[in-house]
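Each chain, letter by letter, is given below.
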Amino acid sequence: MDARAIIAGLRQGQSPALSELRWFAQGLADGSVSDAQAGAFAMAVCLQGLDTEGRSALTLAMRDTGDVLTWDVDGPVLDKHSTGGVGDCVSLLLAPALAECGAYVPMISGRGLGHTGGTLDKLEAIPEVSTQIEQGRLVQILQDVGCAIVGATAQIAPADKRLYAIRDVTGTVESLDLITASILSKKLAVSPDVLVLDVKVGSGAFMKSIEEARALARALRDSANAAGCQTSAFITDMNQPLARNLGNALEIREVMHTLTGGAAVCDDSRLVQITCDLGGALLADAGLAADPEDGQKKIRAVIREGGAAARFARMIAAMGGPTDFLTRWHSQLPVAPVQRVVAADMSGILSHIDGEALGMCVVHLGGGRLVESDQIDPSVGLSDLLPLGSTVVQGRPIVTIHAADDEAADRAEATVRAAIEISTTAPNLPALIRERIT
């Protein structure tokens with residue numbers, strides 16, 4: 001086997017043989033494939049693509065570079081994955097809600113990628129939380145708490161851990177084939193009984209068109225089902241950020257406000273709506289609910305009544321975080337030194353939000369990575385963003401910037417103003433849940 005020959009073949013549009021993909025994946029895992037070769041491989045796949053067989057082969061080859069876990073628990077093992085969007089902190093609501101409903105949720109999550117935030121980075125905004133949990137400890141947390149949101153250990157799909165970081169800095173994040181292999185190599189390694197996929201579409205997603213989103217949803221569904229995991233996919237709207245707060249600690253604040261706010265918050269929350277739809281499908285497919293509608297009611301109930309909040313706090317404590325996070329989260333999360341309100345320069349209706357631009361604004365504030373070695377500032381970001389269709393009044397707030405200094409806030413304000421449009425015409429708002437692909 002020769003990495004150069006495999007890359008050259010890909011560049012010429014040839015789909016590698018299964019043996020070649022297994023060899024290359026193992027080389028990613030053990031270091032015998034260089035960073036330059038890994039980057040060239042990613043770019044070749046991004047430009048030329050793989051056929052269906054090649055995509056499935058790459059997924060399983062990357063999974064099999066590490067351990068494939070099994071569980072000894074008294075309920076179904078459920079999992080969810082989002083393809084990434086701006087302000088997407090659904091996992092932090094869904095995992096404890098599912099656990100409160102009797103499921104077990106070992107969720108392997110990732111760090112920020114491109115303009116989208118990472119669930120692990122958000123969790124690590126909580127003091128002392130560690131998302132790098134060894135396998136034995138993960139088993140114990142799952143048995144005791146029912147859910148754990150962690151990073152892939154060195155033993156879980158190590159080929160993907162290497163390629164994931166390289167994709168982030170080589171402009172190859174959007175490849176359907178690499179997204180499929182990356183997501184499923186980790187998800188299938190934890191052996192869920194049922195999996196649901198949240199494929200985002202719109203300005204804040206990697207998939208900008210419904211056709212692209214359908215293609216990815218079907219690629220993920222087909223590859224996962226072929227591996228023996230019952231899987232369905234939702235296509236959800238990302239033409240505006242899902243949460244009103246963007247940034248690691250700020251999104252944790254929104255999660256905790258949602259989990260502890262009761263009915264007043266739950267009944268008017270886009271985050272809760274998507275969480276209920278995804279969770280309802282999982283509970284129904286796993287036999288924990290009569291149908292998706294019954295599952296949705298169960299998920300909403302455990303959020304409204306506080307059970308999911310208590311479960312989330314137990315998970316945080318088990319992962320090294322504060323034992324009193326449920327009652328003291330307001331004071332325990334980091335706060336940026338500069339907070340600047342961005343006011344509307346005219347009255348009208350908020351008619352467009354460039355979600356990707358806002359996501360990159362958070363990255364440039366320090367809330368994400370431009371290169372692999374960048375250290376994240378968990379306190380920075382944007383908060384209290386008005387949703388699309390809001391009536392705005394000149395001089396009144398649209399969003400608040402949280403920055404490390406005034407210079408960074410100046411740059412962020414220019415970006416925010418360029419990313420939003422105010423007009424006299426109300427926008428045509430698509431449904432939050434665009435499609436379900438079973």
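In the block above lies the structure referred to throughout.
A brief look at the structure comes next. (Residues numbered from 1 in each chain as written. Predicted model: local features only at pLDDT ≥ 70, side-chain atom pairs only at ≥ 80, totals over all residues. Heavy atoms only, no water.)

As for the packing of aromatic side chains
The criterion, for reference: Stacked, edge-to-face and tilted labels apply to pairs of Phe, Tyr and Trp rings (six-membered ring for Trp) whose centres lie within 6.5 Å, assigned for plane angles under 30 degrees, over 60, and everything in between, in that order. When accessible area is computed with a 1.4 Å probe and restricted to protein chains, residues below 20% of their type maximum are described as buried, those above 50% as exposed, and intermediate ones as partly exposed. Helix and strand definitions follow DSSP, with helices as H or I runs of at least four residues and strands as E runs of at least two, each counted in order from the N terminus.
Summed over the entire model, instances satisfying the criterion amount to two aromatic pairs. An angle of 65° between the planes, with centres 6.5 Å apart, marks the rings of Trp-23 and Phe-24 as edge-to-face. The exposure class assigned to Trp-23 is partly exposed, which follows from its relative accessible area of 30%. Plain terms: the ring middles of Phe-24 and Phe-41 are 4.2 Å apart, the flat faces sit at 20° to each other, and that makes the pair stacked. Here Phe-24 is found in helix H2 (residues 18-30), whereas its partner Phe-41 is found in helix H3 (residues 35-48), with 17 residues between them in sequence.

Section: the pattern of salt bridges
In a structure, side chains of opposite charge can pair up when their charged atoms sit close to one another. The line we're drawing: Basic side-chain nitrogens of Lys or Arg form a salt bridge, by our definition, when they fall within 4 Å of a carboxyl oxygen of Asp or Glu.
Within this structure, the stated rule accounts for 25 salt bridges. Among the ionic pairs, Asp-160 bridges to Lys-186, the shortest N-O distance being 2.7 Å. Taken together, the residues Asp-160 in helix H8 (residues 158-169) and Lys-186 in helix H9 (residues 176-187) connect sequence positions 26 residues apart. One salt bridge in this structure joins Asp-198 and Lys-200, with 2.8 Å as the shortest N-O distance. When sorted by exposure, Asp-198 lands in the same class as Lys-200, which is buried. Taken together, the salt bridges that share partners define one network made up of Arg-340, Asp-406, Asp-410, Glu-413 and Arg-417.

Notes on helix H5 (residues 90-100)
When you tally the buried positions in H5, you get ten out of eleven residues, the bulk of the element. Within H5, the full set of buried residues consists of Val-90, Ser-91, Leu-92, Leu-93, Leu-94, Ala-95, Pro-96, Ala-97, Leu-98 and Ala-99. Positive backbone phi, at 105°, marks Gly-102, one or two positions downstream of H5.

Some thoughts on the sheet that holds strand S10 (residues 397-403)
Pairing between the strands of a sheet comes from backbone hydrogen bonds, and it takes one of two forms, parallel or antiparallel. Note the threshold: Should DSSP find at least two bridges between two strands, the strands are regarded as paired. Note on geometry: axes are lines fitted to C-alpha atoms, helical ones only across the stretch in contact, with angles between N-to-C directions running from 0 to 180 degrees.
Spatial strand order, S6-S10-S8: three strands in an open sheet with antiparallel pairing. The sheet is open, and its two borders are formed by strand S6 (338-343) and strand S8 (381-383), each paired with just one other strand. Averaged over all adjacent pairs, the angle separating strand axes in this sheet is 25°, with direction ignored. Examined bridge by bridge, S8 and S10 share three bridges and lie antiparallel to one another.

Focus on a nonpolar patch on the surface
Convention followed: For patch building, the residue pool is restricted to those with more than 30% relative accessible area and no salt bridge; the joining distance is 9 Å between like charges and 5 Å between nonpolar side chains (Val, Leu, Ile, Met, Phe, Trp, Tyr). Using the Shrake-Rupley algorithm and a 1.4 Å probe, accessible areas are obtained, with residue cover drawn only from the displayed protein chains.
Residues Val-169, Leu-370 and Val-371 make up a contiguous nonpolar surface patch of about 220 Å² in total accessible area. Among the structural elements, Val-371 can be located in the loop between helix H17 (355-367) and S8. Take Val-371: its relative accessible area is 42%, and that puts it in the partly exposed class.

Digging into empty space enclosed by the protein
If you roll a probe as big as a water molecule over the atoms, it shows you where there is empty space left. Our working rule: Here the term cavity refers to a set of points on a 1 Å grid, laid over the protein atoms alone, in which a 1.4 Å probe fits but cannot get out; the term pocket refers to an open set having protein on both sides within 12 Å along at least five of seven lines, with lining residues being those that place an atom within 4 Å of a point. Grid points are joined across faces, edges and corners, and a volume is the space filled by probe spheres set on the points. Under the scheme applied, nonpolar residues are Ala, Val, Leu, Ile, Met, Phe, Trp, Tyr, Cys and Pro; charged residues are Asp, Glu, Lys and Arg; polar residues are all the others, including Gly.
Inspection of the entire model under this criterion finds three cavities of 30 Å³ or more. What the largest cavity holds in volume is close to 400 Å³. Lining the largest cavity are 29 residues; nearest its centre among them are His-81, Ser-82, Thr-83, Gly-84 and Tyr-164. Counting residues per element, the ones that place at least two in the lining of the largest cavity are strand S1 (78-82), H5, strand S2 (105-109), H8 and H9. If you tally residues by element for the lining of the largest cavity, the top one is H9, at five residues. Of the residues assigned to the lining of the largest cavity, the class counts are ten nonpolar, 13 polar and six charged. Forming the walls of the second largest cavity are 23 residues, and the residues nearest its centre are His-115, Thr-116, Gly-117, Val-362 and Gly-367. Contributing elements (two or more residues each) for the lining of the second largest cavity: helix H6 (119-123), helix H11 (248-260) and H17. Counting residues per element, the lining of the second largest cavity draws most heavily on H17, at four residues. Broken down by class, the residue content of the lining of the second largest cavity amounts to six nonpolar, twelve polar and five charged.

Quick look at the sheet that holds strand S5 (residues 230-237)
Test applied: The contact criterion used is simple: two residues touch if any of their non-hydrogen atoms lie within 4.5 Å.
The sheet built from four strands is open, its strands ordered S1-S4-S5-S12 with mixed pairing. Two strands bound the open sheet, and with one partner strand each, they are S1 and strand S12 (433-437). The sheet shows a mean angle of 20° between the axes of neighbouring strands, direction not considered. With eight bridges connecting them, strand S4 (residues 194-201) and S5 associate as parallel partners. Opposite Val-196, over in S5, you have Ser-232 as the bridge partner. Lying over the sheet, helix H10 (residues 210-226) contacts S4, S5 and S12, oriented at roughly 165° with respect to S4.

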